[in-house]
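Residue-level listing of the chains:
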Amino acid sequence: MHFRSTSVQFRLSKLCREEFSKELYRPGVISLARIVWGSVGGGLLLGLIAILSGKTGIKVLYPPLAATCFINTTCVFLRVARPKSVIVGHTVASICGLAGVWIGNYIDPGAEFIIPLKLGLSVLLAAVFMQIFDADHPPAAATAAIPAILPLPMPWYSLPLHMAWGATITVIFAFIWNRIWFEFPARDSDNYVKNAGLYMEKAQIVGVAICIISCIVMCFQSMSPVVGITGLCGMAVGNIILGTHHFKISSQVN
């Protein structure tokens, strides 16, 4: 059954491949496929992150990752859902959030304005650097804001790579969950050539692969300090590759 209001299309068709096309599996279409598959996926994903966080001792900020879970399962055709945007976005925003707090404490405008100053600086810096590193991801703005208003569940220096770990789990889940019905990451105007069977640049595939391997290694950090450090270093390398590969200019753009 299909019908349309002035601005929204309603589709009550059963789950089938057609219902997961780019034209139908998107905001503006209220479909049984998106309600069921997207919502169940988002809930399972955040629950999985919580379980793994408790088992491994890798603490993360759940509110921004909850928003990422929603995007990665219900808004998958948007650029902000691509692996690079998710992983680098949360990593960069974490660093910017910490920087905003440090700068705010250095300026120290007084109790009345210190929190608004930290919040403004954190989100401003996150917005700037997410764009510079081509990693626009709206939920990561919350990652930047939280250090200004709430105690962190981990040491401050662990925040960026811990959030990268959580973000990488959302990417792993999205690869498995979404590709049951359609290709993920989705093809778009900037990613229309396949490499290794994915609509991603080669450098992005390398960076994401390193992040995934490092994420798995980090899960075994309790085995020894060396394992933990290896995972953290690998996650940092993966983020550097993902966040900087686009700075290589192959031809002049007029």
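Here, the structure is the one placed above.
The sections below set out a description of the structure shown in this document. (Residues numbered from 1 in each chain as written. Predicted model: local features only at pLDDT ≥ 70, side-chain atom pairs only at ≥ 80, totals over all residues. Heavy atoms only, no water.)

Overview of the side chain of S214
Position of S214 relative to the elements: it lies in helix α7 (residues 202-218). A distance of 3.2 Å separates the side chain of S214 from the backbone nitrogen of M235, its partner in a polar contact. (Helix = DSSP H or I, 4+ residues; strand = E, 2+ residues; numbered from the N terminus. Polar contact = N/O pair within 3.5 Å; in protein donor to acceptor, adjacent residues only side chain to side chain.)

A word on the state of the cysteines
What the rule picks out here adds up to zero disulfides. Cysteine C69 remains unbridged, with the sulfur of C75 as its closest cysteine sulfur at 12 Å. You can call C69 buried: its relative accessible area is 1%. In this structure C75 comes out as buried when scored by relative accessible area, which is 7%. (Disulfide = S-S within 2.5 Å. Buried < 20%, exposed > 50% of the residue type's maximum accessible area, 1.4 Å probe, protein only.)

Quick notes on the packing of aromatic side chains
Overall, the coordinates contain 14 aromatic pairs when judged by the stated rule. Arranged with centres 6.4 Å apart and planes meeting at 85°, the rings of F20 and W37 form a pair that is edge-to-face. With a gap of 17 residues between them, F20 in the loop between β2 (9-11) and β3 (29-31) and W37 in helix α1 (residues 32-56) connect regions that are remote in the sequence. On the basis of an interplanar angle of 75° and a centroid distance of 6.1 Å, the ring pair of F133 and F247 is categorised as edge-to-face. (Phe/Tyr/Trp six-rings, centres within 6.5 Å; stacked < 30°, edge-to-face > 60°.)

Things to note about the nonpolar core
With 53 residues, the main nonpolar core has F20, Y25, I49, W165, F175, F182 and M235 as its most contacted residues. Residue assignment for this core shows that the elements contributing at least two residues are α1, α2 (62-74), α3 (83-107), α4 (111-132), α5 (139-149), α6 (159-178), α7 and α8 (225-244). If you tally residues by element for this core, the top one is α6, at twelve residues. (Core = buried A, V, L, I, M, F, W, Y, C linked by side-chain atoms within 4.5 Å.)

A word on unusual backbone geometry
For the bond from F184 to P185, the omega torsion is -5°, close enough to zero to count as cis. The residue P185 is located in the loop between α6 and α7 in this model. A positive phi angle, near 50°, is found at D108, a position not held by glycine. Take D108: it is sitting in the loop between α3 and α4. Residue D134 is not a glycine yet carries a positive backbone phi of 50°. With respect to the element layout, D134 can be found in the loop between α4 and α5.

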